[in-house]
Amino acid sequence: MRHYLQFKDFSREEYDYLFERAAKIKKIVKSGQLYQPLPGKVMGMIFEKSSTRTRVSFEAGMYQLGGHAMFLNSESTQLGRGEPIEDMAKVMSRMVDIVMIRTFEQSIVERFAEHSLVPLINGLTNEYHPCQIMADIFTYVERFGSIEGKTVAWIGDSNNVSRTWLQAAKVFGFKLKLACPAGYDMVVLDGQEYGPDIFETCRDPYVAVEGADIVTTDVSVSMGFERETLQRKKDFINYKVTEQLMKAAKPEAVFMHCLPAHRGEEVDPEVIDGPQSIVWDEAENRMHAQKAVIEYLLLGKITD
Ligand code: CP
Ligand code: NVA
């Protein structure tokens with residue numbers, strides 16, 4: 001049994017396989033045909049934080065695969081009244097076939113996995129967001145063929161999403177150039193173990209976007225960090241993706257954002273709603289890529 005808790009849990013070969021499956025399944029569904037290899041299978045989804053894309057993509061995806069997805073949150077389960085995550089894992093995994101969890105510390109996901117009888121997927125923690133970056137890279141590969149040797153410029157917070165881009169840079173052999181303000185150095189510290197072909201850091205967004213094929217950013221206040229809002233708004237004032245900043249990247253560069261976006265804060269509307277933005281394909285591909293992961297975790301490699 002396998003889990004998907006961090007991006008590095010799958011190898012480059014496995015991602016190549018998953019992207020091939022995602023493309024195939026996407027094509028079948030887009031042509032109006034059904035692809036339902038998981039009749040009677042149930043996914044339990046635990047959400048300790050809000051979600052639009054993650055919930056909709058897993059729920060719709062599981063249904064389209066012939067199965068069912070069950071939405072659970074802290075308030076409506078005993079989790080909110082202090083039931084240990086280990087007990088949730090033991091009970092839920094006797095009843096469902098696969099679990100997806102969105103929560104706070106990565107250690108919660110690891111504790112669940114340790115006691116789970118079924119595969120577990122990380123749907124975002126404070127530290128990582130593997131499903132997001134898998135879908136992002138699938139989106140880039142779908143459009144341009146390969147991400148190997150490319151440059152990804154990250155402008156803004158050193159958070160769960162940028163930290164996952166760093167793991168992906170190592171797996172896929174591209175370079176992450178990260179510009180974040182002083183004091184937000186979680187990814188900078190992680191990056192110390194990689195050479196300059198994989199990771200480079202700076203404070204100046206214009207230095208980060210030089211030679212970039214992808215420019216990407218995220219909110220400055222992630223879920224769970226709301227009490228730091230005032231300070232963060234000040235610290236991230238110069239970390240906005242503007243039209244001018246996009247012009248300093250390669251002319252063919254694309255703009256990506258995991259969403260939800262805050263127009264006028266981390267990105268200007270002219271960029272996210274402009275011709276270089278591929279954010280809507282990126283959001284849609286969450287579902288197609290995750291369907292490939294669900295299929296792989298439940299059925300293994302399909303040879304057809
Ligand atoms: N990108 C992403 O995970 O979006 P949601 O928070 O809406 O799920
Ligand atoms: N970094 C953001 C991502 C939301 C999808 C957060 O954790 O809130």
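The name an unreviewed UniProt entry gives the protein is Ornithine carbamoyltransferase, with Formivibrio citricus as the organism. We quote the UniProt Pathway (unreviewed entry) comment for the protein here in full: "Amino-acid biosynthesis; L-arginine biosynthesis; L-arginine from L-ornithine and carbamoyl phosphate: step 1/3." If you open the UniProt record of the protein and go to Catalytic activity (unreviewed entry), you find "carbamoyl phosphate + L-ornithine = L-citrulline + phosphate + H(+)".

(A) Expanded view of the layout of surface pockets. Taken as a whole, the largest pocket spans an internal volume of roughly 420 Å³. Around the largest pocket, the lining comprises 26 residues; the ones closest to its centre are Asp-218, Val-219, Met-223, Leu-259 and Pro-260. Here the lining of the largest pocket is built from residues that sort into eight nonpolar, ten polar and eight charged. Among the domains, domain 1 (3-129 + 283-299) and domain 2 (132-281) are the pair contributing at least three residues each to the lining of the largest pocket.

(B) Examining the sheet that holds strand 1 (residues 42-47) more closely. Pairing is parallel in the open sheet, where four strands are placed in the order 2-1-3-4. Because the sheet does not close on itself, it has two edges, and the strands there are strand 2 (68-73) and strand 4 (120-122). Neighbour-to-neighbour, the strand axes of this sheet turn through a mean angle of 20°, independent of strand direction. When strand 3 (residues 98-102) meets strand 4, the two strands line up parallel, connected through three bridges. Looking across to strand 4, one finds that Met-100 is bridged to Ile-121. Lying over the sheet, helix 4 (residues 106-115) contacts strand 1, strand 3 and strand 4, oriented at roughly 170° with respect to strand 4.

(C) Spatial organisation of the site of ligand 1. Surrounding ligand 1, one finds Ser-51, Thr-52, Arg-53, Thr-54, Arg-102, His-129, Gln-132, Cys-258, Leu-259 and Arg-286. Here a nitrogen atom of ligand 1 sits 2.9 Å away from a polar atom, N or O, in the main chain of Leu-259. In this structure, Arg-286 approaches ligand 1 through a side-chain N or O atom, which is 3.1 Å from an oxygen atom. Within the complex, the protein chains bury 95% of what would otherwise be the 260 Å² of accessible surface of ligand 1. Taking a 2 Å distance to the grid points as the criterion, the majority of the atoms of ligand 1 fall inside the largest pocket. The two domains that each donate at least three residues to the shell around ligand 1 are domain 1 (3-129 + 283-299) and domain 2 (132-281).

(D) The packing of helix 5 (residues 130-144) against helix 6 (residues 160-172), seen in detail. At their nearest, the axes of helix 5 and helix 6 sit 9 Å apart, and the two run at 55° to each other. Here helix 5 is positioned oblique relative to helix 6, judged by the angle of their axes. For the crossing formed where helix 5 meets helix 6, the hand is right-handed. Counted together, Pro-130, Ile-133, Asp-136 and Ile-137 of helix 5 and Val-161, Thr-164, Trp-165, Ala-168 and Phe-172 of helix 6 form the full contact between these two elements. In terms of residue class, the contact of helix 5 with helix 6 is made up of seven nonpolar, one polar and one charged.

Calculation criteria
Residues numbered from 1 in each chain as written. Chains lettered and ligands numbered in written order. Predicted model: local features only at pLDDT ≥ 70, side-chain atom pairs only at ≥ 80, totals over all residues. Heavy atoms only, no water. UniProt positions renumbered as here; feature names shortened; annotations may be inferred. 1 Å grid on protein atoms, 1.4 Å probe; cavity = no way out; pocket = protein on both sides within 12 Å on 5 of 7 lines; lining within 4 Å. Points joined across faces, edges and corners; volume = space filled by probe spheres on them. Nonpolar A, V, L, I, M, F, W, Y, C, P; charged D, E, K, R; others polar. Domains from an automatic or database assignment. Pairing = 2+ DSSP bridges. Helix = DSSP H or I, 4+ residues; strand = E, 2+ residues; numbered from the N terminus. Axes fitted to C-alpha atoms, helices over the stretch in contact; angles between N-to-C directions. Contact = heavy atoms within 4.5 Å. Near = heavy atom within 4 Å. Polar contact = N/O pair within 3.5 Å; in protein donor to acceptor, adjacent residues only side chain to side chain. Areas by Shrake-Rupley, 256 points an atom, 1.4 Å probe, with all protein chains shown as cover. Sits in = over half its atoms within 2 Å of the grid points. Parallel < 35°, antiparallel > 145°, perpendicular 65-115°, else oblique. Left-handed = near helix turned anticlockwise from the far one by under 90°.

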